[in-house]
Amino acid sequence: MHAVRDHERAVDTLRRSYAAVPAGEPVRLAKQTSNLFRPRSAPRTPGLDVSGLTGVLGVDPAARTADVQGMCTYEDLVDATLPHGLMPLVVPQLRTITLGGAVTGLGIESTSFRNGLPHESVTEMDILTGAGEIVTARPQGEHTDLFRAFPNSLGSLGYATRLRIELQPVRRHMALRNIRFTRLEELADAVAEVVAKGAWAGDPVDAMDGVMFSPGEAYLVLGTFTDEAEGPPSDYTGQEIYYRSLRRRTRDVLSAYDYLWRWDTDWFWCSAAFGVQHPVVRRLWPRRYRRSDVYHRIVRLEHRHQVAARIDRWRGRPARERVVQDVEIPLDRTADFLRWFAAEVGMTPVWLCPLRLREPAGRGSAKAWPLYPLQPGETYVNIGFWGSVPIAAGAADGDVNRQIERMVSEVGGHKSLYSDAYYDRAAFDRLYGGDTWRAVKDRYDPDHRLTGLYEKAVSRA
């Protein structure tokens, strides 16, 4: 009962802070961390007070559900569910991603080839709308339109204050097989086999992702939950670095907890930019600071002060374009896209994560989500690449990202909107359910107090 009363008080505080924002001023959340890579205009008013909306309200082990506040991080959510032998159906790879952020944005991980995206495990949500009201949205009922349009709306339709999600059983360890492919078509065929059979070489597969170092060297990592482990589990929070292990080990085992956060310690491989992968620096850099949110704070400081850019100019180096994207490519075009990307962009490594829209009642039961319209029954591969490239002579900042956007559309894919986007409004509306978004916007935010989706994603408002 205390948790319920505290939650109600926190929601009242949020509503009062929303009412205090003057009409015409942008509405923002007052939050300490962010996993966005979209620069935004500076706010002129205080953000919404969500300080009381960061916890887990309850876990029901029998029903395999959890009631979670919108600003709860997956790190805290996992800490609450694992003691019950349960985990969310999809746990995005970075600790400080919030449940509300993963639902109103997008999230993905190695269970997505069978469990889809985080919003597909949500059974109901309480949402603060642009009209200042709290409504409960479910798959059926009065607010079904908001429930369906909320994923990928990025806060333009409201903010989730409470979500009820399904959970799945988890075992103590994750046993891994790191399978090398020298031809991308063979990797795609292996993904298709695992999707179809739920197994590889006779062993069940509970999780699947991978890494491409080059078109001739790519790895598919197949994971199976188990209570048995041969020898002590690997530890990649110390001197060893997880992504490098794919080249050295054909089999591995991690604790279930360490598996969920295997990418967070080194922000996939991006910690190399801060020297954290150098053995000496790594020994001196405290473990508690080897986290994605710490690295992200450093990046935000660099964006603000441009220290590295000034040093590059002083050394006569060309300016660099930030290329930070996750894109979903149909499986049958994945090899083509990866070869094109290697030739035209040349960033390595890249992350590979197969996904399908969730089919809760078996084949054919998946439903499309209008603001991120992946095709039911289609297998995609999320391809993640995060870094920068030199701006060539005669080129402009943004040219490479625009080229990637064109190629993604050409192969029938989609790109996530947590980073820079360059689409014109007509293309954006076509790709991201503009007509549906406007209809739901007009119903739940009739005065359009919340910043629009295009303005957030492209105009950086």
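Residues numbered from 1 in each chain as written. Predicted model: local features only at pLDDT ≥ 70, side-chain atom pairs only at ≥ 80, totals over all residues. Heavy atoms only, no water.

- If you check an unreviewed UniProt entry, the protein appears there as Delta(24)-sterol reductase from Micromonospora maritima.

### Structural notes on the sheet that holds strand β16 (residues 350–355)
Logical step 1: Read from one edge of the open sheet, eight strands run β14-β9-β13-β12-β16-β17-β15-β18, paired in antiparallel fashion. In the strand order of this sheet, the two ends are held by β14 (251–255) and β18 (414–415), each with one partner.
Logical step 2: In this structure, strand β12 (residues 207–214) lies alongside strand β13 (residues 217–226), joined through seven bridges in antiparallel fashion. Considered in β13, the bridge of methionine 208 is made with leucine 222.
Logical step 3: This element, helix α12 (residues 331–344), spans β12, β15 (320–330), β16 and β17 (380–390) of the sheet and lies at about 160° to β15.
Logical step 4: The strands touched by helix α13 (residues 399–410) within the sheet are β15, β17 and β18, with β15 carrying the most contacts at an inclination of about 10°. (Pairing = 2+ DSSP bridges. Helix = DSSP H or I, 4+ residues; strand = E, 2+ residues; numbered from the N terminus. Contact = heavy atoms within 4.5 Å. Axes fitted to C-alpha atoms, helices over the stretch in contact; angles between N-to-C directions.)

### Overview of the packing of aromatic side chains
Aromatic ring pairs are reported here in terms of the distance separating the ring centres and the angle at which the planes meet.
Logical step 1: Enumeration according to the criterion identifies 24 aromatic pairs in this entry.
Logical step 2: The cationic tip of arginine 247 hangs over the ring face of phenylalanine 213; the distance from NZ or CZ to the ring centre is 3.9 Å.
Logical step 3: Just above the ring of tyrosine 259 sits the side chain of arginine 262; from NZ or CZ to the centre is 3.9 Å. (Phe/Tyr/Trp six-rings, centres within 6.5 Å; stacked < 30°, edge-to-face > 60°. Lys NZ or Arg CZ within 6 Å of the ring centre and 35° of its normal.)

### A word on unusual backbone geometry
Logical step 1: In this structure, proline 349 follows threonine 348 across a cis peptide bond, with omega equal to -5°.
Logical step 2: Mapped onto the elements, proline 349 comes out in the loop between α12 and β16.
Logical step 3: At arginine 64, a position not held by glycine, the phi torsion is positive, near 55°.
Logical step 4: Its location among the elements puts arginine 64 in the loop between β3 (56–60) and β4 (65–69).
Logical step 5: Arginine 64 sits in the partly exposed class, given a relative accessible area of 42%.
Logical step 6: Positive phi, normally seen in glycine, also occurs at alanine 201, with a value near 50°.
Logical step 7: Tracing the backbone shows alanine 201 in the loop between β10 (199–200) and β11 (203–204).
Logical step 8: Judged by relative accessible area, alanine 201 falls into the exposed class, the value being 66%. (Buried < 20%, exposed > 50% of the residue type's maximum accessible area, 1.4 Å probe, protein only.)

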